[in-house]
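Okay, here's what each chain looks like letter by letter:
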Amino acid sequence: MSDKTLRITQVRSVIGCTKKQKETIKALGLGRPNYTVERQDNPCLRGQIRVVQHLVKVEEL
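Described in the following lines is the structure provided in the data block.

Thoughts on unusual backbone geometry
Peptide bonds are mostly trans, and most non-glycine residues show a negative phi.
Line of reasoning, step 1. Phi at Asn34 is positive, roughly 75 degrees, even though this residue is not glycine.
Line of reasoning, step 2. Secondary-structure assignment places Asn34 in the loop between helix H1 (19-27) and strand E2 (36-40).
Line of reasoning, step 3. According to the relative accessible area criterion, Asn34 is exposed, its value standing at 65%.

Here we look at the sheet that holds strand E3 (residues 56-60)
Line of reasoning, step 1. Strands sit in the order E2-E1-E3 across an open sheet of three strands; the sheet is antiparallel. Looking at the sheet topology across the chains shown, the edges are occupied by E2 and E3. Along the sheet, successive strands turn relative to each other by an average axial angle of 25 degrees, direction set aside.
Line of reasoning, step 2. Judged from the five bridges that link them, strand E1 (residues 5-10) and E2 form a sheet pairing that is antiparallel. Its bridge partner lying in E2, Arg7 is registered against Glu38.

Calculation criteria
Residues numbered from 1 in each chain as written. Predicted model: local features only at pLDDT ≥ 70, side-chain atom pairs only at ≥ 80, totals over all residues. Heavy atoms only, no water. Helix = DSSP H or I, 4+ residues; strand = E, 2+ residues; numbered from the N terminus. Buried < 20%, exposed > 50% of the residue type's maximum accessible area, 1.4 Å probe, protein only. Pairing = 2+ DSSP bridges. Axes fitted to C-alpha atoms, helices over the stretch in contact; angles between N-to-C directions.

Printed below as a string of C-alpha cells:
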C-alpha cells in the first residue's frame, strides 16, 4: 500500500468545524480551500482523511 500516492485537495472551509477537524487539516498540510498536497498512502493518513472526509477530495495516483 505504501507505493501509492494520494492527492488530497481541500474543497470546503474549516469555519464551523471542530477543533479536532481543524488540527487534522493543518496536519495534512492544508489550510484553505483549493489547496492540494500529495502524500504517500498509509493507514495513518487514511485515518486522518476519514476524520475530514467531508472537507476534502482524494484521488489515487
